[in-house]
Structure formats: C-alpha cells, structure tokens
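# Chain and residue survey
Here is what each chain is made of, one letter per residue.
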Amino acid sequence: MKPDFESWMQNELEAMVREFECLSVKENIARIADKIYESSKIIFLSSYSTLMEVTEFQRPMVLSGKLIRILSERKVHDEFITDMQQNDLLVTVSASGNFAASVHEIIKTTKANKLLITTSRSPEITENYDEVFYLGNKDYTHVKSVCGKYGLMYFFDLLYSTYIQKYGIKV
C-alpha cells in the first residue's frame, strides 16, 4: 500500500534530518563557516526559488560582521564574479542543479573559492566547483525534492548556528 502524502513527507523529512546529523555533515558545515569567516568578499548566487532561504541567512550574518552579497538569476553580473580573488568565496545555491547549469560558464572565470550547495550529483554541474555540499544522499538533478526545499532551510539554519557558535555576534 502506498503511503499518503503526509506519511511520505514525514518519512522524507526524518530521513533528511538523520543524514544531516552525521558527523561528516557537521564537519563540512563547520568548514563552510570557517571559509565564510576567512573570506574577504562573499557572494551567493541564487535562483528565485532559493532566494528566500539565502536572504534569511544573509540578514543575521550582518550582526556577525559579515556582509554577504546575493546575486539572483536576473542580476548575475559577470564583472562582480570575474573580479573576485582567491581570498573571496562564491557560493552557488542550486537545489536541483538547474540554476548551477545556467551559470556554468561564468563560474569558470573566477579565481574565488567556489562552493556549490545542491542535491545534484551530475558531474557536468559540479565540475567547476572547489567544493560541493550535497543536501542529502540521493541525486535529484533537475528534480524538485524535499531535500532541495526543506534541506536548504535546515542547512542554512545549521550553518548560521555553527558560525555564531564559532565566531559570535559583533554588534
């Protein structure tokens, strides 16, 4: 018998939380927090479908003394990205990989440290990044998923919490 939507959703969310509780995920999130702390300039690239989660992360980071710029799909200006240096961090947020595929060419041009946050495991999408943080163990390339939607919110909550615990708030 097929589970109803609520049961299916609950199972997916519980599985996602279990995956995030693993030690290597916590270590990866701590490493990303360190990169944010150490970077001179930070730019997040985001599609409109992930913009809310990125913005919710950006706002409180100002209290920690970190200015994070967000470029959304209609405002990806090549010069902002090509001017980035090795001590900068460029983060592409692309739940299913569609947005990452659309900025594929410009990503190649930057000297910045490049991080992709996604559920896509497609090598064509991930190949130009120095690091990829996967929102779960399954490949959801070009597919909307529970991990893509709720995993992204959870990821940013964990990242902010980790950052604040390590580096504090600077008001």
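Below you will find a few notes about this structure. As the structure is a computational prediction, the values presented were derived from the model and not from experiment.

Cut-offs applied
Counting restarts for each chain: residues are numbered from 1 in the order of the written sequence. It should be noted that, the model being predicted, local features are given only for residues of pLDDT at least 70 and side-chain atom pairs only at 80 or more, the latter also being counted only at that level, while totals for whole chains, interfaces and linings use all residues. Side-chain figures throughout are based on the complete set of non-hydrogen atoms in the structure, without hydrogens or water. Runs of H or I in DSSP of at least four residues are treated as helices and runs of E of at least two as strands, each being numbered from the N terminus. Note that the radius of gyration is over C-alpha atoms, with the globule rule given as 2.2 Å times the number of residues to the power 0.38. For each residue, the accessible area found with a 1.4 Å probe, counting protein chains only, is set against the maximum for its type, and the residue is called buried under 20%, exposed over 50%, and partly exposed in between. We call two residues in contact when some of their heavy atoms are within 4.5 Å. For every accessible area listed, the method is Shrake-Rupley and the probe measures 1.4 Å; residues are considered covered only by the protein chains on display. All tallies of charge rest on Lys and Arg as positive and Asp and Glu as negative; His and the ends of each chain are not included. The atoms used to mark charge sites are NZ of Lys, CZ of Arg, CG of Asp and CD of Glu. Space inside and on the surface of the protein is sampled on a 1 Å grid over the protein atoms alone, with a cavity defined as a set of points where a 1.4 Å probe fits but cannot get out and a pocket as an open set with protein on both sides within 12 Å along at least 5 of 7 lines; lining residues have an atom within 4 Å of a point. Grid points are joined across faces, edges and corners, and a volume is the space filled by probe spheres set on the points. Polar here means any residue outside two lists: the nonpolar Ala, Val, Leu, Ile, Met, Phe, Trp, Tyr, Cys and Pro, and the charged Asp, Glu, Lys and Arg; Gly therefore counts as polar. Among buried residues, those of type Ala, Val, Leu, Ile, Met, Phe, Trp, Tyr and Cys that are joined through side-chain atoms within 4.5 Å constitute a nonpolar core.

It is worth spelling out the overall build of the protein chain at this point. Scanning the protein chain from terminus to terminus reveals 8 helices and 5 strands. For 171 residues, the compact-globule estimate of 2.2 N^0.38 gives 16 Å, and the protein chain sits close to it at 16 Å. For the protein chain, the spread of C-alpha atoms along the three principal axes comes to 55 × 35 × 25 Å. Looking at the protein chain as a whole, 48% of its 171 residues are labelled buried. Intrachain contacts of the protein chain at a sequence separation of at least 6 include 65% that bridge at least 24 residues. Accessible surface, the protein chain: about 9,200 Å² in total, of which carbon and sulfur atoms supply 52%. Positive and negative side-chain charges of the protein chain, numbering 20 and 23 respectively, have mean locations separated by a distance of 3 Å.

Okay, the layout of surface pockets next. Where empty space is left becomes clear once a probe the size of a water molecule has been rolled over the atoms. If you add up the space inside the largest pocket, you get close to 320 Å³. Taken together, 17 residues make up the lining of the largest pocket; nearest its centre are S49, T50, A95, S96 and K144. A per-element tally of the lining of the largest pocket places helix 8 (residues 146-167) first, with 3 residues. When its volume is computed, the second largest pocket comes out at roughly 150 Å³. The wall of the second largest pocket is formed by 10 residues, among which V25, F133, Y134, G136 and N137 lie closest to the centre. For the lining of the second largest pocket, the elements supplying multiple residues, two or more each, are helix 1 (5-20), helix 2 (23-38) and strand 5 (131-134). Each residue belonging to the lining of the second largest pocket can be placed in one class, and the counts come to 4 nonpolar, 4 polar and 2 charged.

Here the focus is the nonpolar core. Among the nonpolar cores identified, the biggest contains 24 residues, and I36, F44, I117, F133, F155, F156 and L159 are the most heavily contacted of them. Contributing elements (two or more residues each) for this core: helix 2, strand 1 (42-46), helix 3 (51-61), strand 3 (89-94), strand 4 (113-118) and helix 8. Sort the elements by how many residues they give to this core and helix 8 lands first, with 6 residues. Core analysis: the second largest hydrophobic core is formed by 15 residues, L71, I81, L116 and Y129 among them.

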